[in-house]
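# Structural overview
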Number of protein chains: 2
Amino acid sequence: MDLELLSELATVNDSKVVLVVLDGVGGLAGPEGRTSLEAARTPNLDDLARRGVCGFHDPVAPGITPGSGPAHIGLFGYDPLRYMIGRGVLDTAGTPFEFAPGDLASRLNFATLAKDGTIADRRAGRIPDEEGKRIVEKLSAKIKKIDSVELLLQHVKEYRAAAIFRGEKLDGRLSDSDPQRTGKKPLEVAPVEDEPGPEAVRAAKLANEFIARAKGVLSDEEKANFLMMRGFDVYEPLPDFCELYKWRALAIATYPMYKGVAKLAGMRVIEQGQATLEEETDLLEANWNAADFVFFHVKKTDSKGEDGDLPGKIEVLEHFDELLPHITDLKPDVLCITGDHSTPCLMKSHSFHPVPLCIVSACARVDACESFGETAFLQGGLGRVHSTDVMPLLLAHARRLKKYGA
Amino acid sequence: MDLELLSELATVNDSKVVLVVLDGVGGLAGPEGRTSLEAARTPNLDDLARRGVCGFHDPVAPGITPGSGPAHIGLFGYDPLRYMIGRGVLDTAGTPFEFAPGDLASRLNFATLAKDGTIADRRAGRIPDEEGKRIVEKLSAKIKKIDSVELLLQHVKEYRAAAIFRGEKLDGRLSDSDPQRTGKKPLEVAPVEDEPGPEAVRAAKLANEFIARAKGVLSDEEKANFLMMRGFDVYEPLPDFCELYKWRALAIATYPMYKGVAKLAGMRVIEQGQATLEEETDLLEANWNAADFVFFHVKKTDSKGEDGDLPGKIEVLEHFDELLPHITDLKPDVLCITGDHSTPCLMKSHSFHPVPLCIVSACARVDACESFGETAFLQGGLGRVHSTDVMPLLLAHARRLKKYGA
């Protein structure tokens, strides 16, 4: 669906829409022949499945495993193949840092360099937040520009930070300096294209120069005596989610990356106070009147999937199910429960499998699904849609889309 | 899915993937209310349906009946609407002939011309291979060029051959000289476009000139005293299947056209020794260590469908099912059983119906399908995908695709 057209059709009403993203919610059958969703006791989710219309969405395309960025971007209605967001921008967006269009962002890892010039520790002994912040400040004080290009540094978490080059047109298609293994020497940053343009060559030069100067500044540090750059990307703003769909959008998420992707879309993001699921639902209740659309992100379904922890994933789902009445009691006009991608415990990673999707609304065409799960949803009324269809479907179920054509 | 992006995501591992194409496998219910797949006793296929994920693919688009070329091209991941392969190229590709980019190819049918200038036999009495070869050699010896353009001739089978013009930029959008009926005069080859460019005008002139000169050379022949041209097409190479997906691909097929389409994609094709299904499975076993991907083509399901022979099609399916353990015993990491298109006995032709598709792999999201057939697969977890999704899905199930985006 063309975003411009969708936006033309979007209209304003009093409806409230909640999009719950259970990160990595889809799975594969475990040893007992059931996925985590199927094995979990989830009476409230099952009730939604009965009351709503169910199915699946493909985050990018059949067979394609998405990263968290493209997976969320798609759910928000942006074509994930057109709007690429690199890790440097994604991670930084989750911090209070404010991007300007054209910024070249890169993730920084503080690291420990051995005397022989190889990487002894890729995470500088996992230095705590305070240490990380101190080192970022130290670097910021010493290095403000590389050549004539402004350098901005932002601490992210522990040994992780971000570097942003601003003020010159640069190309972010650059290789990482992180060799990915200890005992190896750091790599030169270089353009990845076979025939790079001058903006990529220049960007690589700036990055390598920064690494060299940072090495000098950090030489007296015991652990974080070096840094590595990776995930280069140039920030280009997304079409504004609130303007596109003509509503006030709010994001409630615990992890920086998901706050980041919501912020990139132009949603209002609650920065603090949502460390637990209980706090997230409290915040939803507290902010209910101030938003028309809420993106509600649940992280731990994915974390347990990545750990291959089936009982753990089941527990997270059951916990969410217990808290679900806090959401349903608010009586949203449209409640959508889905994931951004599947993370089967069996694979311990994101996967390509279609993601369960359930939409509850007064105008949902209710199907025969009786329980919330992958096998049940194969009988669902939504069939299998693309992730970018989810937002038009939510708007439609909220009666927020005008008729197309006469 | 963009092929370039797919190729960027493709990565190498030790997995083995087998794609079995039961040509024309999909059908319509016969007098007893069951399709050939449903009526056939196929315990091994049913077992795959239970262990795998099932559904359908659309070869081109809903409602569109594909030829064998586009149908296979789609399964190999190439957009069949973008990569058109005409019959002249397709047929010739199944022979040892080696194309150069830009070659203009046409099928040749040797025919018998009556004294009144009409076609008495469109197949020259179905002359045998040796006769066909002799006549091709005779023509080759006498006609090496038309104007300054090189002419290459290749015998295909019996009364069929191919003519290839090389060395000048030509347009293959030309009409056939074959009037399709006996008792008619042969047609002039002409550009099909309303306002043809000079390359089409020139190509038509070369073709008509060749036909006239061939008539002279063949005038002393009793049966094959004439030839007709049809299926003009210019050869443009496909992106290389092995390079795209980063594996060693092998094709096992009995019929030239399927060998041809595999060869056009850049697969290694076994040229001889696979006349029967048993020989095909023997070859699969013998070549198992030398390939990561095997395209395994079964022709007779389609032939029986074209004949409208339901018991015959059932027999072919049961025969394949008996031999299936030869494939499963090799323990491919991914085994896909599908067709290139449907060929219902009821229609005696290729059809537009979606094609049954089953993927067996350790990371398939197993659905509730208990048997291998059109009605059962409607409950399948794959739903209905496009033929070009099949290859990404096979790569994904082989864990040969990296994550897209951060």
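First, a word on scope: everything that follows refers to the structure included in this document. (Residues numbered from 1 in each chain as written. Chains lettered and ligands numbered in written order. Predicted model: local features only at pLDDT ≥ 70, side-chain atom pairs only at ≥ 80, totals over all residues. Heavy atoms only, no water.)

### Overview of the overall build of chain A
A tally of regular secondary structure across chain A gives 14 helices and 14 strands. Taken over the C-alpha trace, chain A has a radius of gyration of 22 Å; the compact-globule value for 406 residues is 22 Å, and the two agree within 12%. Its C-alpha atoms give chain A principal-axis dimensions of about 65 × 55 × 40 Å. Residue burial in chain A is summarised as follows: out of 406 residues, 59% are buried. For chain A, the proportion of contacts with a sequence separation of at least 24, taken over those separated by at least 6, is 74%. Element-wise, carbon and sulfur atoms account for 48% of the exposed surface of chain A, whose accessible area totals about 16600 Å². (Helix = DSSP H or I, 4+ residues; strand = E, 2+ residues; numbered from the N terminus. Rg over C-alpha atoms; globule rule 2.2 N^0.38 Å. Buried < 20%, exposed > 50% of the residue type's maximum accessible area, 1.4 Å probe, protein only. Contact = heavy atoms within 4.5 Å. Areas by Shrake-Rupley, 256 points an atom, 1.4 Å probe, with all protein chains shown as cover.)

### Some points on the interface of chain A and chain B
Taken together, the contact between chain A and chain B spans 34 residues of the former and 28 residues of the latter. When chain A packs against chain B, close to 2200 Å² is buried across both sides, 62% of that on carbon and sulfur atoms. In terms of surface lost to chain B, no three residues of chain A exceed Pro-62, Ile-64 and Leu-378 of chain A, which account for 22% of the buried area on that side. The tally of links from chain A across to chain B stands at 0 salt bridges. Across the chain A-chain B interface, the total number found is 10 residue pairs in polar contact (both at pLDDT 80 or more). Breaking the side of chain A that touches chain B down by element, the ones donating at least two residues are α4 (68-75), α5 (87-93) and α13 (374-377) of chain A. Here the side of chain A that touches chain B takes 3 residues from α4 of chain A, the largest share from any one element. (Buried area = accessible area lost by both parts, 1.4 Å probe. Salt bridge = Lys/Arg side-chain N within 4 Å of Asp/Glu carboxyl O. Polar contact = N/O pair within 3.5 Å; in protein donor to acceptor, adjacent residues only side chain to side chain.)

### Details of a negative patch on the surface
Judged by side-chain charge, Glu-278, Glu-279, Asp-282, Glu-285, Glu-322 and Asp-329 of chain A come together as a negatively charged surface patch. Looking at the element boundaries, Asp-282 of chain A is found in helix α10 (residues 277-286). (Patch = residues over 30% accessible without salt bridge, like charges linked within 9 Å, V, L, I, M, F, W, Y side chains within 5 Å. Lys, Arg positive; Asp, Glu negative; His and termini not counted. Charge placed at Lys NZ, Arg CZ, Asp CG, Glu CD.)

### A closer look at the sheet that holds strand β10 (residues 268-269) of chain B
Residue and element names in this part refer to chain B. Reading across from one edge, β10-β9-β11-β1-β12-β13-β2-β14 is the order of the 8 strands in this open sheet, with mixed pairing throughout. Each of the sheet's edge strands pairs with one partner strand only, and the pair in question is β10 and β14 (383-386). For strand β1 (residues 17-22) and strand β11 (residues 293-298), the ladder comprises 6 bridges, and the chain directions are parallel. Its bridge partner being in β11, Leu-22 is matched across the sheet by Val-298. Of the strands in this sheet, β2 (53-58), β12 (334-338) and β13 (355-361) are in contact with helix α3 (residues 43-51), which crosses β13 at around 70°. Along the sheet, helix α14 (residues 387-397) contacts β1, β2, β11, β12, β13 and β14; its crossing angle with β14, the most-contacted strand, is approximately 105°. (Pairing = 2+ DSSP bridges. Axes fitted to C-alpha atoms, helices over the stretch in contact; angles between N-to-C directions.)

### Brief notes about the pattern of salt bridges
Residue and element names in this part refer to chain A. Overall, the coordinates contain 41 salt bridges over all chains when judged by the stated rule. A salt bridge links Glu-221 to Lys-138; its shortest N-O distance comes to 2.6 Å. On the criterion of sequence distance, the pair formed by Glu-221 in the loop between α7 (198-217) and β8 (226-234) and Lys-138 in helix α6 (residues 129-142) is long-range, its members being 83 residues apart. Lys-138 shares its class with Glu-221; the two are buried.

### Here's the deal with unusual backbone geometry
Residues and elements named next belong to chain A. At Glu-158, a position not held by glycine, the phi torsion is positive, near 45°. Here Glu-158 lies in the loop between β6 (149-157) and β7 (160-166). A residue is classified by how much of its surface remains accessible, and Glu-158, at 29% relative accessible area, is partly exposed. Positive phi, close to 60°, is recorded for Lys-246, a residue that is not glycine. Mapped onto the elements, Lys-246 comes out in the loop between α8 (241-245) and β9 (249-252).

### Regarding the sheet that holds strand β14 (residues 383-386) of chain A
All names here are of chain A. What the 8 strands build is an open sheet, ordered β10-β9-β11-β1-β12-β13-β2-β14; its pairing is mixed. In this open sheet, the two edge strands, each paired with only one partner strand, are β10 (268-269) and β14. One ladder, built from 5 bridges, connects strand β2 (residues 53-58) with strand β13 (residues 355-361); its direction is antiparallel. Bridging across to β13, Val-53 finds its partner in Ile-359. Where helix α12 (residues 310-328) meets the sheet, it contacts β1 (17-22), β11 (293-298) and β12 (334-338), and its direction lies at approximately 175° from that of β1.

### Re the pairing of β6 of chain A
Remember that side chains alternate between the two faces of the sheet whenever the strand is regular. All names here are of chain A. A large share of β6 lies buried, amounting to 7 of its 9 residues. As paired strands, strand β5 (residues 145-146) and β6 are joined by 2 bridges and run antiparallel to one another. Within β6, the residue paired with Lys-145 across the bridge is Glu-150. The hairpin turn running from β5 into β6, its antiparallel successor, is 2 residues long, and Asp-147 in that turn takes a positive phi close to 55°. Sheet topology places β6 next to β7; 7 bridges connect them, and they run antiparallel.

### Focus on the relation of the copies chain A and chain B
Here chain A sits on chain B after a turn of 122° about the axis and a move of 0.1 Å along it, with an RMSD of 0.1 Å. Taken together, the rotation angle and the small translation identify this as a three-fold axis. The share of interface residues of chain A whose copies in chain B are also at the interface is only 3%, consistent with the copies meeting through different surfaces. (Least-squares fit on C-alpha atoms with pLDDT ≥ 70 in both.)

### Re the packing of aromatic side chains
Residue and element names in this part refer to chain A. Enumeration over the complete set of coordinates arrives at 28 aromatic pairs over all chains. Relative to Phe-377, the ring of Phe-56 has its centre 6.4 Å away and its plane inclined at 70°; by these criteria the two rings are edge-to-face. Here the residue Phe-56 occupies a position in strand β2, and Phe-377 occupies one in helix α13, the gap between them amounting to 321 residues. One exposure class covers both Phe-56 and Phe-377, and it is buried. These aromatic residues form a ring-pair network of at least three members: Phe-76, Phe-241, Tyr-245, Trp-247, Phe-293 and Phe-295. Between Lys-299 and the ring centre of Tyr-255, over which it is positioned, the NZ or CZ distance is 5.2 Å. (Phe/Tyr/Trp six-rings, centres within 6.5 Å; stacked < 30°, edge-to-face > 60°. Lys NZ or Arg CZ within 6 Å of the ring centre and 35° of its normal.)

### Points about the nonpolar core
Residues and elements named next belong to chain B. Ranked by size, the top nonpolar core spans 68 residues in total, and within it Phe-76, Tyr-78, Phe-241, Phe-293 and Leu-394 carry the most contacts. Ranked by residues supplied to this core, first place goes to α14 with 6 residues. When residues no more than four places from it in sequence are discounted, the contact partners of Phe-241 are Phe-76, Tyr-78, Trp-247, Ala-249, Ala-265, Met-267, Phe-293 and Met-391. (Core = buried A, V, L, I, M, F, W, Y, C linked by side-chain atoms within 4.5 Å.)

### Remarks on the pairing of β2 of chain A
All names here are of chain A. The buried fraction of β2 is high, at 6 of 6 residues. Every second residue of β2 is oriented toward a common face, with Val-53, Gly-55 and His-57 on one face and Cys-54, Phe-56 and Asp-58 on the other, all of them buried. Sheet topology places β2 next to β14; 4 bridges connect them, and they run parallel. The partner of Asp-58 across the bridge, within β14, is His-386.

### Describing the packing of helix α4 (residues 68-75) of chain B against helix α9 (residues 256-264) of chain B
Residue and element names in this part refer to chain B. Where α4 contacts α9, the axes come no closer than 10 Å and their chain directions differ by 45°. In terms of their interaxial angle, α4 and α9 are classed as oblique. Where α4 crosses over α9, the two elements pack in a sense that is right-handed. On the side of α4, the interface is formed by Ser-68, Gly-69, His-72 and Ile-73, while α9 contributes Met-257, Tyr-258 and Val-261. Looking at the contact of α4 with α9 residue by residue, the class counts come to 4 nonpolar, 3 polar and no charged. (Parallel < 35°, antiparallel > 145°, perpendicular 65-115°, else oblique. Left-handed = near helix turned anticlockwise from the far one by under 90°. Nonpolar A, V, L, I, M, F, W, Y, C, P; charged D, E, K, R; others polar.)

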